[in-house]
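Structural overview
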Number of protein chains: 2
Amino acid sequence: MTALDDVTIRPSVTTGPISGSHKVYRDIDGDLRVPFRRVELTNGEHLDLYDTSGPYTDTNATIDVHSGLPGLRADWIAAREPINGAVTQLACAKAGIITPEMRFCAAREGLDPEFVRAEVAIGRAVIPANRRHPETEPMIIGKNFLVKINANIGNSAVSSSIEDEVDKMVWATRWGADTIMDLSTGKRIHETREWILRNSPVPVGTVPIYQALEKVGGDPVKLSWEVYRDTVIEQCEQGVDYMTVHAGVLLRYVPLTARRVTGIVSRGGSIMAAWCLAHHQESFLYTHFEELCEILRGYDVTFSLGDGLRPGSIADANDEAQFAELRTLGELTHLARAHDVQVMIEGPGHVPMHKIAENVRLEEEWCGEAPFYTLGPLATDIAPGYDHITSAIGAAQIGWAGTAMLCYVTPKEHLGLPNRDDVKTGVITYKIAAHAADLAKGHPRAQEWDDALSKARFEFRWTDQFNLSLDPDTARSFHDETLPAEPAKTAHFCSMCGPKFCSMKITQDVRRYAEEHNLSTVDAIEAGMRLKAQEFADHGNQVYLPVVDR
Amino acid sequence: MTALDDVTIRPSVTTGPISGSHKVYRDIDGDLRVPFRRVELTNGEHLDLYDTSGPYTDTNATIDVHSGLPGLRADWIAAREPINGAVTQLACAKAGIITPEMRFCAAREGLDPEFVRAEVAIGRAVIPANRRHPETEPMIIGKNFLVKINANIGNSAVSSSIEDEVDKMVWATRWGADTIMDLSTGKRIHETREWILRNSPVPVGTVPIYQALEKVGGDPVKLSWEVYRDTVIEQCEQGVDYMTVHAGVLLRYVPLTARRVTGIVSRGGSIMAAWCLAHHQESFLYTHFEELCEILRGYDVTFSLGDGLRPGSIADANDEAQFAELRTLGELTHLARAHDVQVMIEGPGHVPMHKIAENVRLEEEWCGEAPFYTLGPLATDIAPGYDHITSAIGAAQIGWAGTAMLCYVTPKEHLGLPNRDDVKTGVITYKIAAHAADLAKGHPRAQEWDDALSKARFEFRWTDQFNLSLDPDTARSFHDETLPAEPAKTAHFCSMCGPKFCSMKITQDVRRYAEEHNLSTVDAIEAGMRLKAQEFADHGNQVYLPVVDR
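A quick note: this is a predicted structure, and the numbers were derived from the prediction, not measured.

Our focus in this paragraph is the sheet that holds strand S8 (residues 204-206) of chain B. Residues and elements named next belong to chain B. If you trace the eight strands once around the closed barrel, you get S6-S7-S8-S9-S10-S11-S12-S13, paired in parallel fashion. Here the strands of the sheet are splayed against their neighbours by 25° on average, with no regard to which way each runs. Here three bridges tie strand S6 (residues 148-153) to strand S13 (residues 405-407), and the two strands are oriented parallel to one another. Across the sheet, residue Asn 150 finds its bridge partner in S13, namely Cys 407.

And the structure:
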């Protein structure tokens, strides 16, 4: 029997649309149904938003976690012809083939499918989509697309259950997680992953060394290439879409961490460093890298080359160890691409603002513009309990600088395993950082969302303002704390300033005043107000001449 | 009787030190006692942090809100000799006089008093300290000092009481607010302000037009210079340290807002715009500005020239209306300085990341580097309920770019009046943004705090990690959610990864391994590990030659 037949496991997941919106599908070329989250506005307009939540928010979908999600991509995968033995999106793109996955991604982002193909072909974007994970709705990660966010879930030896992690996965994608990483290190790792994969509408990433370490009783020294390889194959077969491989932690780089304030803070990095030193041998991830490429190639699993030597504190940012590893990741990037395997590069971590841009510059230069995938970074270390915020400051900036995907950080970072509420807070915070980056990069469709909400705010369409927000429930509940009555939803003020001090109301009064003086359109208002202003100007409006300090 | 004699008002304020720290005073020149928050560490070291909390966190202080705080500055003020009729910090600085306030600020920041004087003399920094507010502990605002944060409090017609606002003031300074603004617009504005001033250890700012509007029944059209002037004098007499004056909202600028998505969002700006249009006259704040200078000069009240035309949405950022007003504020800055009155300039608001730096560049160019004091800015409008975060992203960047003080934004922004919890969240979030900016600017003492916490984290000194954080209570409670037992406070892991996967533990094992091989010092460890690494290098560590994509 498969893991999902285990009736003793009863995950309860959240279904139904986010309040104020509903699922719509756009038909593309008659063969693709691309999902969007539609927000209907009280002024008759509507806004369609990028939707990561899968069938769970579709009132017409039947959800049964024991059967998993339908295989959206099954037919596309079956129909795909190998190209020099490869069936990867990269191989297709290089051969000039536009796959259904590419068209799906193009439709989601409002871009041209050929543009998607071209970006994948040169390795500047990846579409993580294992052939054994047909349930995933294709999405693309690259600097010329919307900035994506990842949510880490997974149990530890100390905490959590399969039910909790499946619930967190659905909950995270509901609020906007573009991918999920299952970082389980506790009990029943295989079963937990199976439950997540079969029910996940987004790509799933893992760090195979964690399960390999469990297989050897938790002693890094006992690890071997064979145990690791078999674990990777097991996870490829299950349908993992991208895998973190810390192949850049070389024996000769370990000494570079000896003087650090916080040494090695990557789990995988520290495990491989321990192995290298104990055996006095180079990392088997590095020496067997081409065999790894051949394995991943067969399933179209994407490499996420891990930064095992990333800085773990402000003090260690941008140091020799970090950049030595990055150079090696660049070397491996070109190798993987030569094998037609897609590649992302993982980045820090903990970096003060003035050192952030250099990380992107060097990654693009050394790694051939492979999509950069960073963890934050935290812009300061002094606020444990608020590291979703310390890292959102860094994440927004590194996203603006060109990072393609941001790995979220929750309020529990450095302190404990995130619960359901922490997962939501982390996801919403990172949607903010990613969207702020999209705005700064001038993504064609980013600002329409801000403008729709700003307009609703100015016109006192409170319900629209709530429904257009990243988290309608919270926005509404905060407003209702002081003004719960339904009429307040159309009132021309809120409890912040009260009626008399509402600047928006006064501004509207000003416009009304102008209209009442036969100035019916905005142009006329402007003309009319300019006229009134001119009356003053004619009498010398420059009361003061510029004065320099005595 | 004075407002504080009213026994029916019984504010309850939070006293006692923040957990894990205690108040210490540094004696300067035998005549100044400068407060710091000392964190004692379990390794015998300690760290002294900048302390805004006043006597409330001093276990030796007796707090009676009905008598107010002691007049720390009373003797200094009494002894001050006028310089060409002026008693302002600016007049003294220009005359080469280093005031006790300047020495106090220098000691708090670990800088040379002469440097403080020089920065004040050229107007690049201000020390808001009304002669009628002797209770305030002097602090300095300028780009070459620690980035400061302001917390807005005050009631509205719809919500809050005197007790609530006094409690919020003490609560905000406890967590790090460098100044407070009382933006009350509801009942008993004068009494509320009196309670706040007499009990506030930090400078207090106001927007006098709010109280003036109350005096004329809330109708902007009924405002006059006389009502406004009398209100300013009333507030100067009470001890307000800085006042927001929207004197840059000129009649001819109002039409520039007609096409905006969100018009005028500043309360003061919209009030003055309404007045200008209704009367077809130039703003009385502008036409009477030199009279205002003479009034503020007499008390050493600092101007905070308000940005009444700041953008209220991403769409309106950096537009003609905003920058037209900023030019006028520059003109008024030079006027005020000529009157020996200190000046700050208020800034936005809502600005996408790529338009933030230009705000600082133009403010410094047009306003003679007067300290910039911005509200956020929010880097996106799509997350009401999370605007402390959307704005912290912008605040950290504009602080790095040179903004001297950041006005906090709470989670309730745009939705309602902040309660006690919102005030704390806003303050902690802005301490993060300000500190991230200090780090990026390379402030000499900023990184020692991060390093102390990072070191505690790496050495599993959990208690020290909690106590060194901006919010020890929250950090501790998050950790204890999953590992409440006391032994966990010294455990070499947390619930995030569990014992076997703790990278810090493995890193320490690696170092221990090296030590056991007779490598006792870090240098030796490094040498020893390099030796081991060399063994591998000698046998050709470059497995792969760089490959270009096929």
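Read on for the rest.
To continue, consider the sheet that holds strand S9 (residues 242-245) of chain A. All names here are of chain A. Spatial ordering of the closed barrel is given by S6-S7-S8-S9-S10-S11-S12-S13, a layout of eight strands whose pairing is parallel. Strand-to-strand, the axes of this sheet are offset by a mean angle of 25°, without reference to chain direction. When strand S8 (residues 204-206) meets S9, the two strands line up parallel, connected through two bridges. In the strand pairing of S9, Gly 205 is matched with Tyr 242. Packing of helix H8 (residues 225-238) onto the sheet brings it into contact with S8 and S9, and relative to S9 it is tilted by some 160°.

Inspection of the entire model under this criterion finds 20 aromatic pairs over all chains. Centroid distance Trp 76 of chain A to Phe 104 of chain A: 6.3 Å. Interplanar angle 55°. Geometry classified as tilted. Of the two residues, Trp 76 of chain A is situated in helix H1 (residues 74-79) and Phe 104 of chain A in helix H3 (residues 100-109); the sequence distance between them amounts to 28 residues. Residue Trp 76 of chain A shares its accessibility class with Phe 104 of chain A, and that shared class is buried. Taking 5.9 Å as the distance between ring centres and 55° as the angle between the ring planes, the aromatic pair formed by Tyr 228 of chain B and Phe 284 of chain B counts as tilted. Placement of Tyr 228 of chain B in helix H8 (residues 225-238) and of Phe 284 of chain B in helix H10 (residues 284-287) is noted, with a sequence separation of 56 residues between them.

Laying chain B over chain A is done by rotating through 180° and shifting 0.0 Å along the axis; what remains is an RMSD of 0.0 Å. Taken together, the rotation and translation relating the two chain copies correspond to the operation of a two-fold axis. No C-alpha of chain B lies nearer the rotation axis than that of Ile 393 of chain B, which sits 2.3 Å from it. In this assembly, 99% of the residues forming the interface of chain B have copies in chain A that are likewise at the interface, indicating an isologous arrangement.

Interface size is often expressed as the accessible area that is lost when the parts come together. Contacts between chain B and chain A engage 142 residues on the former and 141 residues on the latter. In this assembly, chain B packs against chain A so that about 12500 Å² is buried in total across both faces, 66% of it on carbon and sulfur atoms. Where chain B touches chain A, the interface holds two salt bridges. The salt bridge involving Glu 481 of chain A is made with Lys 412 of chain B; its shortest N-O contact spans 2.7 Å.

A few words on the pairing of S6 of chain B. Residues and elements named next belong to chain B. When you tally the buried positions in S6, you get six out of six residues, the bulk of the element. Of the two faces of S6, the one lined by Lys 148, Asn 150 and Asn 152 and the one lined by Ile 149, Ala 151 and Ile 153 are each fully buried. Judged from the four bridges that link them, S6 and strand S7 (residues 179-182) form a sheet pairing that is parallel. From the neighbouring strand, Ile 153 faces S7, where its bridge partner is Asp 182.

Take the environment of Asp 480 of chain B next. Residues and elements named next belong to chain B. For Asp 480, the location among the structural elements is in helix H18 (residues 472-482). Distance in space between the C-alpha atoms of Asp 480 and Ser 495 is 9.6 Å, their sequence separation being 15 residues. Reaching out from Asp 480, the side chain makes a polar contact with the side chain of His 479 at a distance of 2.9 Å.

This part takes up unusual backbone geometry. Put simply, Pro 348 of chain A and Gly 349 of chain A share a cis peptide bond, and its omega is 0°. Mapped onto the elements, Gly 349 of chain A comes out in the loop between strand S11 (343-347) and helix H13 (356-366). Following Gly 376 of chain A, the chain continues to Pro 377 of chain A via a peptide bond in cis, the omega torsion being 10°. Its place among the elements puts Pro 377 of chain A in the loop between strand S12 (372-375) and helix H14 (387-400). Phi is positive for Asp 29 of chain B, which is not a glycine, with a value near 55°. Positionally, Asp 29 of chain B belongs in the loop between strand S1 (21-28) and strand S2 (32-40). With relative accessibility at 59%, the residue Asp 29 of chain B sits in the exposed group. A positive phi angle is found at Glu 369 of chain B, which is not glycine, with a value near 60°.

Next up on the list: the pairing of S1 of chain B. Residue and element names in this part refer to chain B. In terms of strand pairing, S1 meets S2 through eight bridges, oriented antiparallel. Of the residues in S2, the one forming a bridge with Arg 26 is Val 34. The antiparallel pairing of S1 with S2 creates a hairpin that spans three residues between the two strands, and Asp 29 there sits at a positive phi of about 55°.

Residues and elements named next belong to chain B. With 14 residues, H8 ought to run about 20 Å at 1.5 Å a step, and its terminal C-alpha atoms sit 20 Å apart, in line with that. Of the residues making up H8, those classed as buried are Trp 225, Tyr 228, Thr 231, Val 232, Gln 235, Cys 236 and Gln 238. The arc that holds the buried residues of H8, viewed along the axis, is 160°, so those residues lie on one side. The elements touched by buried residues of H8 are helix H6 (189-199), S8, helix H7 (208-215), strand S9 (242-245), H10 and helix H11 (289-299). With its phi angle positive at about 120°, Gly 239 sits one or two positions after the end of H8.

What counts and what doesn't
- Residues numbered from 1 in each chain as written.
- Chains lettered and ligands numbered in written order.
- Predicted model: local features only at pLDDT ≥ 70, side-chain atom pairs only at ≥ 80, totals over all residues.
- Heavy atoms only, no water.
- Pairing = 2+ DSSP bridges.
- Helix = DSSP H or I, 4+ residues; strand = E, 2+ residues; numbered from the N terminus.
- Axes fitted to C-alpha atoms, helices over the stretch in contact; angles between N-to-C directions.
- Contact = heavy atoms within 4.5 Å.
- Phe/Tyr/Trp six-rings, centres within 6.5 Å; stacked < 30°, edge-to-face > 60°.
- Buried < 20%, exposed > 50% of the residue type's maximum accessible area, 1.4 Å probe, protein only.
- Least-squares fit on C-alpha atoms with pLDDT ≥ 70 in both.
- Buried area = accessible area lost by both parts, 1.4 Å probe.
- Salt bridge = Lys/Arg side-chain N within 4 Å of Asp/Glu carboxyl O.
- Polar contact = N/O pair within 3.5 Å; in protein donor to acceptor, adjacent residues only side chain to side chain.
- Expected span 1.5 Å × (residues − 1).
- Arc of directions from axis to C-beta.

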